[in-house]
Every structure is written in C-alpha cells, then in structure tokens.
Amino acid sequence: MLALGIDVGGTNIRFGVFDGHQLIHTSRLEANLSQACRDVSADSAAFAVVHILSSEIVKIIEKHPTIQAVGIGFPGFIHPDSKNIIQSPNLPGLSYFDLRGELSTVLNLPVTIENDANAAAYGEYCLADKPEGGLIYLGLGTGVGGGLVVGGKLYTGQHGFAMEAGHIIIEPNGRQCGCGNKGCMEQYASASGVAMSYFNATQQRLSAHQIAELADSGDKAAIEAYLLAANALAQALASIAKVLDIKNVVIGGGMTAAWPLMQQAFKTRLDADLIPALRDGIQVKISTAEDTAGMLGAAMLARKHSTL
Ligand SMILES: [Zn+2]
C-alpha cells in the first residue's frame, strides 16, 4: 500500500509518497504557515492550515489514488492520546486543534499526526532496519528537536513532551531560551545558537551556513561558534545516554552539513562526560537521509496506525 508522509515546516511543506521505504514521488509547497496563522483568530488559522494541506493532498491523491494513509510530522507538541495539537510555538492559533481529525474527515482517509522530530526519529529507526535496542534521534535545525524509539515504538511521553532534548540545560544562567529557562542546549547547538555565538563575538549577524564557510577559511570566531555547538550537543547527549543507555544515536537536520567542524570536539566532550564503561556503547551516526527522514517516518507511522 502507498502512504503519504508530510513534513510541515514554517515556510514550506514537503510531501512524499512511499511504497514501503521507497520514495516514489516528492513535492514541496512554499506556504508560509506562520504568516497565515499570525494576527488572525484561532478558527481562521485552523481553517487556513486545513485548506492549504488538504488542497495539496487531494492533488497528490489524484496522481496516486492507491494512497491509503496520510502521516504528518508537525512542528508542535501533540497530545499522546487525543493527538490534538497542544501547542505549536511558531504556529500560534492552533493550540488544542484537532488537525488530524479535520483532515481525516475532509480526505476520508486515516490520518496520523506526530511531532516533526518524533516523525524523523521513527524514519531513521526504519532506515536503520528497526534495531532491537531502539534509537535516539537529535535534529539540529533552527532549534534542536529529539525523538526516541524504544521497544519498537515511538516514545512520546505521558504529555507529549518526551525527548525535548533542545531544552536540556547545559549552562546554568546561560542564554535566555524561548521556553522560559536559561542555558538550554538549543541556544548553543542549533543554527540560531551558532549565529548567536558568532554575533556575541563579532557583532555581525550571519547565518549558520555563512559562519560555517568562514570557519572553513580559518575565521577564529566562526570556528569557536561551532566548537561551542559541538560541546553543548555532546553534554546533552551524554545526559540522555546516561538515562536511556541506548546504543544507536542518529544526528540529523541542516546543521549536520557542518559536522566536520564539530566532530572532534563533540567526540572529546561526549567521551569526557559519559560514564567510562558506556563510552564504547554509544554509536553516533550522522543521518544519510538528507531531509527525507521526517516524511518517511510520518508515512510509516500512518501505515502502522491504519493497519492496527
Ligand atoms: Zn529552552
């Protein structure tokens, strides 16, 4: 059976039709959902998001009429039981909205919704041939998301907040985070964290990508910004590994393009922070799925749930 996996971002939405793990069709829709949800009533925001998604899904189903399930990786907290969106920090107005139910009614198909990093974690778990011990996923993008598969299942926690790894505090009284705390890992290890580190050192506002290019050409502040990111990530992962003791770790997201700048410092800090006996027990891999793990995971979760 074919399944459609959707990765919803703030400015674009990616759609992938999967036959097994095989991606047979992909498309991208430029749609600024953040804009569509800003300064409008909650009802208007919900209507806009349903309309944008369902219009594109209907077009894809016309081309692939054997699609039997739709999965969505969504940037927000999803209630583990009701599957309502609890909150989406970048898409205000959608709190407590049943996007899954609305789309399922409009499309007359089973629809599954999951947090985007959780969907990517499940996608990586499928790509790794479902390792028995499970898998930890950390996604380095504008923020840092995480996901955990254990016992063959995505573990999202009792309230939908499991593996909010980006908000592990690694620097007491450090940088202010959007979550209300200070010193969260994503304030250092995400693309915006790297940009902040560089700005603090140079007063120049550049993107993480531009800073990576400067680091490659020997710019000290740029190199330092990536070393700080590597250290923050390793500190958080060491804490996660000490709690979970799961061997397979996959790091994905756009920031991994600059992994050579982080790799050595990351390994040194991870080894230093881990319990010595656990050092050889954690295998960290960089995702090779490029940006398809989220779509794949959403599609696989949709298939799994529709055949229960
Ligand atoms: Zn935080």
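Above: the structure in question.
The following refers to the structure shown. Please read all numbers here as calculations on a predicted model, not as lab measurements.

1. Things to note about helix 8 (residues 220–244)
Here is step 1 of the chain: Compared with the 36 Å implied by 1.5 Å per residue over 25 residues, the 36 Å span of helix 8 between its first and last C-alpha is a close match.
Here is step 2 of the chain: For helix 8, the N-terminal capping position is held by D219, with its side-chain oxygen 3.0 Å away from the main-chain nitrogen of A221.
Here is step 3 of the chain: Phi turns positive one or two residues past the end of helix 8, at D245, with a value near 50 degrees.

2. Focus: the packing of helix 7 (residues 208–216) against helix 8
Here is step 1 of the chain: Contact pair helix 7 / helix 8: the axes reach a minimum separation of 7 Å and the direction vectors enclose 115 degrees. When you trace helix 7 past helix 8, the crossing you get is left-handed. Taking contact as the criterion, the partners of A208, H209, I211, A212, L214 and A215 in helix 7 are, on helix 8, A222, I223, A225 and Y226.
Here is step 2 of the chain: Its residues placed into classes, the contact of helix 7 with helix 8 shows 9 nonpolar, 1 polar and no charged.

3. A word on the coordination of the zinc ion
Here is step 1 of the chain: The protein atoms that coordinate the zinc ion are H167 (ND1), C177 (SG), C179 (SG) and C184 (SG), at distances of 2.0 to 2.3 Å.
Here is step 2 of the chain: For the zinc ion, the 4 donor atoms in the first shell make angles of 102 to 121 degrees at the metal, so the coordination geometry reads as tetrahedral.

4. Side note on the pattern of salt bridges
Here is step 1 of the chain: If you walk through the whole model with that rule in mind, you get 7 salt bridges.
Here is step 2 of the chain: The salt bridge partner of R28 is D291, with a shortest N-O separation of 3.9 Å. Within this pair, whereas R28 is found in strand 3 (residues 22–30), its partner D291 is found in the loop between strand 12 (283–286) and helix 10 (293–306), the two being separated by 263 residues in sequence.
Here is step 3 of the chain: Judged by relative accessible area, R28 falls into the partly exposed class, the value being 46%.
Here is step 4 of the chain: Among the ionic pairs, R269 bridges to D273, the shortest N-O distance being 3.1 Å. On the criterion of helical spacing, the pair formed by R269 and D273 is a turn pair, its members being 4 residues apart in helix 9 (residues 259–273).
Here is step 5 of the chain: Among the residues examined, D273 registers a relative accessible area of 22% and is labelled partly exposed.
Here is step 6 of the chain: In the salt-bridge network here, residues are joined through shared partners; they are D7, R14, R28 and D291.

About the thresholds
- Within any chain, residue numbers begin from 1 and follow the written order of that chain's sequence.
- Restriction of local features to residues with pLDDT of at least 70 applies here, the model being predicted, together with a cutoff of 80 or more for giving and counting side-chain atom pairs; totals for whole chains, interfaces and linings are based on all residues.
- Side-chain descriptors were evaluated using all non-hydrogen atoms of the structure, hydrogens and water having been removed beforehand.
- Secondary structure elements follow DSSP: runs of H or I no shorter than four residues count as helices, runs of E no shorter than two count as strands, and numbering proceeds from the N terminus.
- To estimate how far a helix should reach, multiply one less than its number of residues by 1.5 Å.
- Here a polar contact means two N or O atoms within 3.5 Å. Within protein one must be a hydrogen donor candidate and the other an acceptor candidate, and residues neighboring in sequence count only if both atoms are side-chain atoms.
- Throughout, an axis means a line fitted to C-alpha atoms (over the contacting stretch in the case of helices), and angles, computed between N-to-C directions, take values from 0 to 180 degrees.
- By definition, turning the near helix anticlockwise from the far helix through less than a right angle yields a left-handed crossing, and turning it clockwise yields a right-handed one.
- Any two residues whose heavy atoms approach within 4.5 Å are treated as being in contact.
- By the convention adopted, Pro, Cys, Tyr, Trp, Phe, Met, Ile, Leu, Val and Ala count as nonpolar, Lys, Arg, Asp and Glu as charged, and the other residues, Gly among them, as polar.
- Each metal site lists N, O and S donors within 2.8 Å (3.2 Å for Na, K and Ca). With water left out of the atoms, a site can look as if it is missing ligands.
- Here a site with four donors is tetrahedral if all angles are between 85 and 135 degrees, and a site with four or six donors is square planar or octahedral if opposite donors are over 155 degrees apart and the other angles are between 65 and 115; anything else gets the irregular label.
- Salt bridges are defined by distance alone: a side-chain nitrogen of Lys or Arg within 4 Å of a carboxyl oxygen of Asp or Glu.
- Here's how the labels work: a residue is buried when its accessible area is under 20% of the maximum for its type, exposed when over 50%, partly exposed in between, all with a 1.4 Å probe on protein chains only.

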